[in-house]
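Residues per chain, in single letters:
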Amino acid sequence: MFEIFIIISIILAIILLLLRNNTIKYIILVLFSLFQLVFIFLMSRSYFEHTQFSNFYLILDSKYLDKFIFLDDFSIFFSIITSVLFFVSSISSINKIIFMREKNFSLFSSFMILFLVSLFGVIFAQNLIVLWVFIEATTLTSSILIYQDKTKHSLEATWKYLFICSIGIAISFVGIVFISLAFNSSSLSFIDLLPLKDIANPFWLELGFCFILIGFGTKAGLAPTHAWLPDAHSEAPSQISALLSGALLNTALLGIIRVLNILPDNVKGICKTYLLLMGLISLFVSSIYMSRSVNYKRLLAYSSIENIGLISIGLSLGGIAEYASYLLMISHSLTKSSLFIVSGVIKDVYHTTITKKVNNLLKFMPFAAFTLILGFLSIAGFPIFLSFFSELKLFYFLISNKKWLLLIIIVFLLLVILFALSKNIFNIIFAKENEYKASELIKVKVKKLNIVNDVQIASAFFLIVLTFLLGFYFPIEWKNFIIKLVSSM
Amino acid sequence: MIEVLLIIFSIALLSLSLTTMVDTYVRNLIYQAIILFFITLFTHEAKNIGTVIFILVETIIIKGILVPYILFRNIKENEIVREVQPNTPQYLSILIMSMILIFGFVIAFWSNKHIKGLNSLQFGISISTILAGLFLILARKQLITHVIGYMVIENGTFLLSLSVIKNLPSLVALGISLDILMGILLAGILINHIKTTFDEKEGIDSLTSLKD
């Protein structure tokens with residue numbers, strides 16, 4: 001099944017490179033995104049039917065490729081998030097039909113498909129080195145996607161992204177070698193390594209984990225190696241920012257989770273402390289930069305760093321906090337993607353990413369303003385949204401375990417971030433236009449881009465409504481599934 | 001035999017710090033690839049014709065021919081001759097590179113005592129290769145030199161994985177090499193664009209338009 005998926009996507013990517021008409025390419029892209037959604041749905045259903053007795057499932061029945069690819073609970077969880085986000089962001093790339101030249105749109109749509117394939121490669125990888133290969137592949141494919149506006153800024157952002165991430169991933173390879181040294185086993189597959197974890201050498205395991213944390217942490221956007229993230233997120237097309245923030249960061253975090261899973265308990269404690277430290281630094285750094293940010297796309301990018309920091313704090317604490325961080329992963333991916341899509345619409349209409357120059361959104365585009373407010377409420381963790389419950393669970397864990405200092409630090413930093421976010425977003429939505437009086441022009445622009453914008457905002461709205469509904473009613477089977485993720489760690 | 005090759009490899013590393021001519025760096029990468037080919041040939045356990053061809057593709061063709069070809073073409077198109085104003089003075093960079101090599105030998109001695117079943121000299125030299133690549137990136141300003149530094153780091157990880165991971169499946173090894181090749185190719189294209197968009201005389205210092 002999976003090899004058919006890969007073959008179809010690569011053939012489609014080549015066809016998209018050859019086609020001329022933008023509308024046809026867009027339709028093919030949307031059909032492909034629908035296809036992959038159905039594919040992931042079918043695959044997860046067959047996974048749940050086949051795995052009553054074991055907790056993993058080999059996708060292919062071939063002798064050779066089974067060494068590289070498999071399905072387990074983690075891959076199901078991450079692949080569902082990725083596939084939903086890809087569906088929405090490919091629908092919302094409708095504005096590229098108008099704005100992009102034919103050649104560029106070919107490259108854009110074809111590399112979007114290749115990016116998805118490499119993301120799935122990371123998620124389904126069964127072997128530590130295969131995972132490494134696919135993470136490097138995500139860097140390569142997405143760097144082409146980031147360099148689509150062909151401006152000076154996007155060029156610089158792409159260079160930084162490609163170079164910093166490649167170095168980070170090269171460093172994580174050293175970590176993988178050290179882990180292989182610790183296990184002293186010929187295979188690096190997770191299934192083979194798990195039974196050996198108690199006889200592995202703890203020194204090399206710890207050292208290897210540190211290298212992997214820095215390497216994959218670079219990709220996941222954990223401070224202090226986050227330097228590429230605000231640049232790349234702010235300069236990429238908004239659909240790509242949505243995918244990067246919602247899918248790529250989580251996927252890189254999956255690499256760290258996979259390595260944590262194969263560590264024995266005596267090493268896991270100290271390694272989780274490192275993860276906690278990086279999460280706290282991320283919160284701190286993002287709170288500082290958000291409070292002085294002047295660019296709304298950069299603001300959203302720093303908010304991604306904050307959320308990834310919060311997620312890794314939750315992962316490092318374990319128990320309910322870990323459950324909370326999986327919930328936060330879902331809610332952050334959906335919300336941040338929709339916010340980035342809305343920010344792309346704003347950028348198309350106002351032609352700027354400076355927060356001060358964007359005023360009075362409520363008057364010009366009420367639907368976009370409404371979606372933006374809902375997105376803000378969700379990212380800020382207001383009640384009924386899923387993020388509220390996840391943060392509540394994190395605080396509950398901290399209080400019940402009497403970690404007062406950590407609680408105070410996290411709450412304080414979150415308040416600073418909330419202040420910065422609300423200041424900027426309320427400015428965009430409500431402030432009267434002061435210096436930038438181009439309202440007539442904007443009205444014309446809104447009228448001209450009517451259908452395109454409506455489709456984009458509707459797709460963003462769909463994601464927000466999804467988080468709202470999930471906060472309202474979270475199915476019990478899903479809850480049990482996530483609890484299984486936690487206990488398997 | 002491997003020990004001799006490793007010593008030659010470390011001399012190649014040292015010579016990276018001696019010059020500021022960019023094409024000398026690329027030639028150095030070719031020498032490194034040739035040495036890596038022979039080291040791989042001698043360490044690999046299974047010696048049939050298939051593995052030899054595979055190692056040949058992995059080291060000589062990708063690391064020794066394709067990557068230097070991309071880099072040379074890039075240097076020619078952009079008329080980069082030498083490194084402008086290195087961040088560190090010449091004598092200091094030689095000193096630092098020697099310190100890195102000494103550190104590698106210390107690691108080799110230490111690992112000889114403490115880790116069993118490992119070619120300790122290779123382990124130490126590979127660690128110092130990775131550090132040398134990082135040093136090259138930190139100390140030089142031209143973007144093309146940064147790419148060369150990245151390539152040196154990749155050579156180091158290759159050597160490291162060779163000394164530790166046994167029986168790496170060939171498909172995976174090919175995946176790693178292809179990733180690196182594509183990365184270098186993309187970096188080359190980006191450098192061309194940067195050259196036309198930015199005034200790329202100052203190297204990395206011109207890339208400062210994005211900040212808070």
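Heads up: the structure comes first, above all this text.
All values derive from a computational prediction rather than experimental measurement.

Analysis parameters
Residues numbered from 1 in each chain as written. Chains lettered and ligands numbered in written order. Predicted model: local features only at pLDDT ≥ 70, side-chain atom pairs only at ≥ 80, totals over all residues. Heavy atoms only, no water. Helix = DSSP H or I, 4+ residues; strand = E, 2+ residues; numbered from the N terminus. Buried < 20%, exposed > 50% of the residue type's maximum accessible area, 1.4 Å probe, protein only. Contact = heavy atoms within 4.5 Å. Areas by Shrake-Rupley, 256 points an atom, 1.4 Å probe, with all protein chains shown as cover. 1 Å grid on protein atoms, 1.4 Å probe; cavity = no way out; pocket = protein on both sides within 12 Å on 5 of 7 lines; lining within 4 Å. Points joined across faces, edges and corners; volume = space filled by probe spheres on them. Nonpolar A, V, L, I, M, F, W, Y, C, P; charged D, E, K, R; others polar. Core = buried A, V, L, I, M, F, W, Y, C linked by side-chain atoms within 4.5 Å. Buried area = accessible area lost by both parts, 1.4 Å probe. Salt bridge = Lys/Arg side-chain N within 4 Å of Asp/Glu carboxyl O. Polar contact = N/O pair within 3.5 Å; in protein donor to acceptor, adjacent residues only side chain to side chain. Phe/Tyr/Trp six-rings, centres within 6.5 Å; stacked < 30°, edge-to-face > 60°. Lys NZ or Arg CZ within 6 Å of the ring centre and 35° of its normal. Patch = residues over 30% accessible without salt bridge, like charges linked within 9 Å, V, L, I, M, F, W, Y side chains within 5 Å. Axes fitted to C-alpha atoms, helices over the stretch in contact; angles between N-to-C directions. Parallel < 35°, antiparallel > 145°, perpendicular 65-115°, else oblique. Left-handed = near helix turned anticlockwise from the far one by under 90°. Expected span 1.5 Å × (residues − 1).

(A) Structural view of the overall build of chain A. Counting its regular elements, chain A contains 21 helices and 2 strands. Viewed in the frame of its principal axes, chain A has a C-alpha envelope of about 70 × 55 × 40 Å. Relative to its 489 residues, chain A shows a buried fraction of 65%. For chain A, restricting intrachain contacts to residue pairs at least 6 apart in sequence, the fraction spanning at least 24 positions comes to 80%. Just so you have it, chain A exposes about 17800 Å², and 70% of that area is on carbon and sulfur atoms.

(B) Inspection of the side chain of Q239(A) at higher detail. Tracing the sequence through the fold places Q239(A) in helix α11 (residues 238–261). Residues contacting Q239(A), with those up to four places away along its chain left out, are S89(A), S92(A), S93(A), N95(A), K96(A), F108(A) and Q456(A).

(C) Representation of empty space enclosed by the protein in the model. All chains considered together, the criterion is met by 6 cavities of 30 Å³ or more. Size it by volume and the largest cavity reaches roughly 80 Å³. What lines the largest cavity is Y296(A), L299(A), L300(A), L339(A), S343(A), I346(A), L372(A), N424(A), I425(A) and I428(A). Of all elements in the fold, only α13 (296–317), α14 (320–350) and α18 (404–430) of chain A reach the threshold of two or more residues within the lining of the largest cavity. Looking at the lining of the largest cavity residue by residue, the classes come out as 8 nonpolar, 2 polar and no charged. The computed volume of the second largest cavity comes to approximately 70 Å³. Contributing to the lining of the second largest cavity are L162(A), F163(A), S166(A), V147(B), Y150(B), G183(B), I184(B) and A187(B). Of all the secondary-structure elements, those providing two or more residues to the lining of the second largest cavity are α7 (152–183) of chain A together with α6 (143–164) and α7 (170–197) of chain B.

(D) The layout of surface pockets, seen in detail. Approximately 1300 Å³ is the volume found for the largest pocket. Lining the largest pocket are 44 residues, with L114(A), A137(A), T141(A), D179(B) and M182(B) positioned closest to its centre. Residue assignment for the lining of the largest pocket shows that the elements contributing at least two residues are α1 (2–18), α5 (102–124) and α6 (128–146) of chain A together with α7 of chain B. Considered class by class, the residues forming the lining of the largest pocket number 29 nonpolar, 10 polar and 5 charged. The volume enclosed by the second largest pocket comes to roughly 800 Å³. Forming the boundary of the second largest pocket are 22 residues, of which S44(A), I76(A), I80(A), W478(A) and F481(A) lie nearest the centre. Going through the elements one at a time, α2 (22–50), α3 (73–91), α14, α20 (450–472) and α21 (476–487) of chain A are the ones with two or more residues in the lining of the second largest pocket. Across the lining of the second largest pocket, the residue classes tally to 17 nonpolar, 2 polar and 3 charged.

(E) Structural detail: the nonpolar core. Grouped together as the largest cluster of nonpolar side chains are 241 residues, with contacts concentrated most on F77(A), W159(A), Y326(A) and F123(B). Per element, the largest residue contribution to this core is 19 residues, and it comes from α7(A). For F123(B), the residues in contact, after removing those within four places along its chain, are F178(A), L181(A), W204(A), I107(B), S111(B), L118(B), L160(B), S163(B) and V164(B).

(F) Main features of the interface of chain A and chain B. Facing the 42 residues of chain A at the interface are 46 residues of chain B. Summed over both sides, the interface between chain A and chain B buries roughly 3800 Å², with carbon and sulfur atoms accounting for 78% of that surface. By the criterion of area lost to chain B, the three top residues of chain A are L155(A), E156(A) and W159(A), representing 18% of everything that side buries. Seen at the junction of chain A and chain B, the total is 0 salt bridges. For the pair chain A and chain B, the interface holds 1 residue pair in polar contact (both at pLDDT 80 or more). Of all the secondary-structure elements, those providing two or more residues to the side of chain A that touches chain B are α6, α7, α9 (202–220), α10 (228–235) and α13 of chain A.

(G) Here's a closer look at the packing of aromatic side chains. If you walk through the whole model with that rule in mind, you get 36 aromatic pairs over all chains. On the numbers, 4.9 Å between centres and 70° between planes, the contact of W132(A) with F173(A) is edge-to-face. Here W132(A) is found in helix α6, whereas its partner F173(A) is found in helix α7, with 41 residues between them in sequence. The burial state of W132(A) is the same as that of F173(A); both residues are buried. In this structure an aromatic cluster arises from ring pairing among F5(A), F32(A), F35(A), F39(A), F86(A), F120(A) and F124(A). Here the basic side chain of K150(A) rests over the ring of Y147(A), its NZ or CZ set 4.7 Å away from the ring centre. Positioned over the ring face of F158(B) is K63(B), at 4.1 Å from the centre of the ring.

(H) A look at the pattern of salt bridges. All names here are of chain A. Applying the stated criterion across every chain yields a total of 8 salt bridges over all chains. The partner of D72 in a salt bridge is R258, and the shortest N-O contact between them spans 2.9 Å. Note that D72 is positioned in strand β2 (residues 71–72) and R258 in helix α11, a separation of 186 residues in sequence. The exposure class assigned to R258 is buried, which follows from its relative accessible area of 4%.

(I) A nonpolar patch on the surface, seen in detail. Judged by side-chain polarity, Y91(B), L92(B), L95(B), M99(B), I102(B) and V106(B) come together as a nonpolar surface patch covering roughly 620 Å² of accessible area. Within the element layout of this structure, M99(B) appears in helix α4 (residues 90–114).

(J) Region of interest: the packing of α6(A) against α7(B). One way to put it is that α6(A) packs onto α7(B) with a least axis distance of 10 Å and a crossing angle of 20°. Relative to α7(B), the element α6(A) is oriented roughly parallel. Here α6(A) and α7(B) pass one another in a crossing that is left-handed. Counted together, I129(A), V130(A), W132(A), V133(A), E136(A), A137(A), L140(A), S143(A) and I144(A) of α6(A) and V172(B), G175(B), I176(B), D179(B), M182(B), G183(B) and L186(B) of α7(B) form the full contact between these two elements. Its residues assigned to classes, the contact of α6(A) with α7(B) comprises 11 nonpolar, 3 polar and 2 charged.

(K) Broad picture of helix α2 (residues 22–43) of chain B. Residue and element names in this part refer to chain B. In this model, α2 (22 residues) spans 32 Å end to end at C-alpha, consistent with the 32 Å of a helix rising 1.5 Å per residue. Among all positions of α2, only V22, Y25, V26, N28, L29, Q32, A33, I35, L36, F37, I39 and T40 are buried. Buried residues in α2 make contact with α1 (2–16), α3 (49–78), α5 (120–139) and α6.

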